[in-house]
Number of protein chains: 2
Amino acid sequence: MIIALDAMGGDHAPSAIVEGAVEALNEYGDMEIVLVGDERAVADELRDKSFPPLRVRIVHAPEAIAMGEPPLSAIRKKKNSSIRRAVDLVKAGEADAVVSAGHSGAMMALALIVLGASAGVERPAIATIMPTFKKPFILIDAGANVDCSPLNLLQFALMGNAYAKHILGRPAPKVAILSIGEEEGKGNELTKESFKLLQAADLNFIGNVEGKDIFAGEADVVVCDGFIGNIVLKTSEGLAEAVIKMLKQEIASLPTGRLGYLFIKSALKGFKKKTDYAEQGGSPLLGINGTCIIGHGRSTAKAIKNAIKVADEFSRKKTHEIIRQEINRNTLPVKGNTLAAG
Amino acid sequence: MIIALDAMGGDHAPSAIVEGAVEALNEYGDMEIVLVGDERAVADELRDKSFPPLRVRIVHAPEAIAMGEPPLSAIRKKKNSSIRRAVDLVKAGEADAVVSAGHSGAMMALALIVLGASAGVERPAIATIMPTFKKPFILIDAGANVDCSPLNLLQFALMGNAYAKHILGRPAPKVAILSIGEEEGKGNELTKESFKLLQAADLNFIGNVEGKDIFAGEADVVVCDGFIGNIVLKTSEGLAEAVIKMLKQEIASLPTGRLGYLFIKSALKGFKKKTDYAEQGGSPLLGINGTCIIGHGRSTAKAIKNAIKVADEFSRKKTHEIIRQEINRNTLPVKGNTLAAG
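Keep in mind that what you see is a predicted model, and the values were worked out from it rather than measured. (Residues numbered from 1 in each chain as written. Chains lettered and ligands numbered in written order. Predicted model: local features only at pLDDT ≥ 70, side-chain atom pairs only at ≥ 80, totals over all residues. Heavy atoms only, no water.)

Next up on the list: the environment of Gly-143 of chain B. All names here are of chain B. On the secondary structure map, Gly-143 appears in the loop between strand E6 (137–140) and helix H6 (150–166). Once the C-alpha coordinates of Gly-143 and Phe-227 are considered, the two residues, 84 residues apart in sequence, prove to be 5.9 Å apart. In contact with Gly-143, not counting residues within four places along its chain, are Met-108, Ile-126, Gly-226 and Asn-230. (Helix = DSSP H or I, 4+ residues; strand = E, 2+ residues; numbered from the N terminus. Contact = heavy atoms within 4.5 Å.)

So, in structure tokens, the structure goes:
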């Protein structure tokens, strides 16, 4: 597999990105990495590192898209951005997958414009792995689409289902809609309509799941629109951090504070490892003609290494092809209706 | 103040409810409680307790609405439910406020039908206090309205603002819209339209706030539709529980497990106290002609005692009257537009 890696994307680029690439090369055999970015900056980062040189290539991309830029105008203006050149490599068949921890809006837009949505997919979606104290679940859409239709949610369910089956190895993934009550009649207009579509589809649909139950590991795939998905994702990140911070405050305020902290330090470490986004590496953008992995903006070298691993696995298993087949097997009649209506 | 208390509502009714009422009577002077429910069951619970008898009255209500019942049909069928009779007491002027930990859908419907929305309020909303490691914030709407308009969100902002000012004592509450990016252009259709209305209103509007920032205590009032609000509320509950559970697992798995657990036990206790819904007691339904406090279904005696305290404070400060004035001071022109348009 050949992975195109945006060397300029993310808060700690290019150093953490190049470091992650080197770690991936040394840890996983049989994989090539194309580092896309400012040639001199990337070469500087590589200089003192040890890695198999024949498995690395640098593609010069002199521009970088900054986090605050509006994605569409940035794409128009910067034809030589590192994200664009990385996506172009997949389009040209020079790479099997693209990984970027940079501007996720630009990445999504470029994936759509350059690679295109898979035939039959109305809206690609971001699938994110969320930890629970049993087993992790897939949250889809985690932020690609803010206003969604019931057909969109059905397709998110099918794509998440394929992910859970073929990548996570869960034989009959439990698929649920994130809503505010378990009964069919509970929810908003979108979830109520989506409920009927998911019920009719070839899925192990377990109905609605409430926010309080998702972290109990009740479902393998939790479906929602990208606005809610992103809020759930960010709220969870913020809350988990706040909980740890509050606990540390509480421990520090005890008479046995320092000693107590020493005792639970390794427990906190174990917990952080389980819940750390860096362990997951990156979230795939599903429903695209190709493998696109979106890394966290704060990606460390470890996060990049893991994102590369995810990209490799998705490409190897031809997940985007499986998803295309699943979507077309399931949604042709609905798609017909939608086209007729719209 | 006279508080009408639904003695049959909640998972631990009537015992926890009556117990909470007795605790409130003994702790707070100058307050009367009307226990509404099955006369015999309530009297049984009171029998061995010590309390000022002249400040307690029982009103017999032979029916109870169960948690799973569809609210509207339950209300129609059960004219003598404890929630209904409790709300009726406020309508008749025999009580100043109503508290129920029972069926929240039934409580909302009855509040609307019997007491009515305040003049000018399109949709009453539930305001819930959420803990952070700085100071708690108000989440509104926490679940009363699943599909909302920008005008609804503006009114939620105004009601939450009044709550923060007059009950929490924050002089210029920072009001924010829960969204997926801080810039004005980020969000879904609803939040983008609402942004303009909140910006034009007489509020200390700080713009959008992301999920990851709410628990950092950035805003005093966080505004969203009730679908998202309820998901955030439930997700937070579920996640906080999961985090504690995962941490305990981690600690138990260490060689020093038992000892470490002893050390942090009191830290966990302190943390739980800060984040426990029972400490807040209940969430007011704002925008109603009267004071209605919705308790958590799992309410313990302490939660009920605190909910009674909240009800007492809201009534004493005539919060519903303040809210009516704020809404009318701020939204008349918008209201006019809306009426003209619709």
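So, next bit.
What follows is about the pairing of strand E6 (residues 137–140) of chain A. All names here are of chain A. Of the two faces of E6, the one lined by Phe-137 and Leu-139 and the one lined by Ile-138 and Ile-140 are each fully buried. Between strand E5 (residues 125–130) and E6, which pair antiparallel and follow one another directly, the connecting turn spans 6 residues. In this sheet, strand E9 (residues 221–223) lies alongside E6 in parallel orientation, the contact comprising 3 bridges. Following the sheet pairing, Leu-139 is matched in E9 by Val-222. (Buried < 20%, exposed > 50% of the residue type's maximum accessible area, 1.4 Å probe, protein only. Pairing = 2+ DSSP bridges.)

Tallying each qualifying case throughout the model produces 39 salt bridges over all chains. The salt bridge involving Arg-57 of chain A is made with Glu-94 of chain A; its shortest N-O contact spans 3.2 Å. Of this pair, Arg-57 of chain A sits in strand E3 (residues 56–60) while Glu-94 of chain A sits in the loop between helix H4 (82–91) and strand E4 (97–100), and the two are 37 residues apart along the sequence. Note on Arg-57 of chain A: relative accessible area 38%, which makes it partly exposed. Between Glu-69 of chain B and Lys-78 of chain B there is a salt bridge; the shortest N-O distance is 2.6 Å. Each of Lys-234 of chain A together with Glu-210, Lys-212 and Asp-213 of chain B takes part in one network of salt bridges that share partners. (Salt bridge = Lys/Arg side-chain N within 4 Å of Asp/Glu carboxyl O.)

Moving on, we get to the pairing of strand E11 (residues 291–295) of chain A. All names here are of chain A. With 5 of its 5 residues buried, E11 lies for the most part within the structure. Because side chains alternate across E11, one face comprises the buried residues Thr-291, Ile-293 and Gly-295, and the other comprises Cys-292 and Ile-294, equally buried. Examined bridge by bridge, E4 and E11 share 4 bridges and lie parallel to one another. Opposite Ser-100, over in E11, you have Ile-294 as the bridge partner. Taken together, the 3 bridges between strand E10 (residues 282–286) and E11 define a ladder with antiparallel strand orientation. Each residue of the ladder has a partner; that of Gly-282, found in E11, is Gly-295.

Least-squares fitting of chain B to chain A yields an RMSD of 0.0 Å, with the superposition described by an axial translation of 0.0 Å and a rotation of 180 degrees. The superposition operator between the copies reduces to a two-fold rotation axis. Of the interface residues in chain B, 100% have counterparts in chain A that sit at the interface too, so the contact is made through matching surfaces. (Least-squares fit on C-alpha atoms with pLDDT ≥ 70 in both.)

This next bit is on the sheet that holds E6 of chain A. Residue and element names in this part refer to chain A. Taken in spatial order, the 11 strands of this open sheet run E3-E2-E1-E4-E11-E10-E5-E6-E9-E7-E8, and their pairing is mixed. Edge positions in the open sheet fall to E3 and strand E8 (204–210), since each of these has one partner strand only. On average, each strand axis in the sheet is inclined to that of its neighbour by 25 degrees, with strand direction left out of account. In this sheet, E4 lies alongside strand E1 (residues 2–6) in parallel orientation, the contact comprising 3 bridges. Residue pairing across strands places Ile-3 opposite Ala-97, the latter belonging to E4. Relative to the sheet, helix H2 (residues 39–46) contacts strand E2 (32–37) and E3, its axis offset from that of E3 by approximately 155 degrees. (Axes fitted to C-alpha atoms, helices over the stretch in contact; angles between N-to-C directions.)

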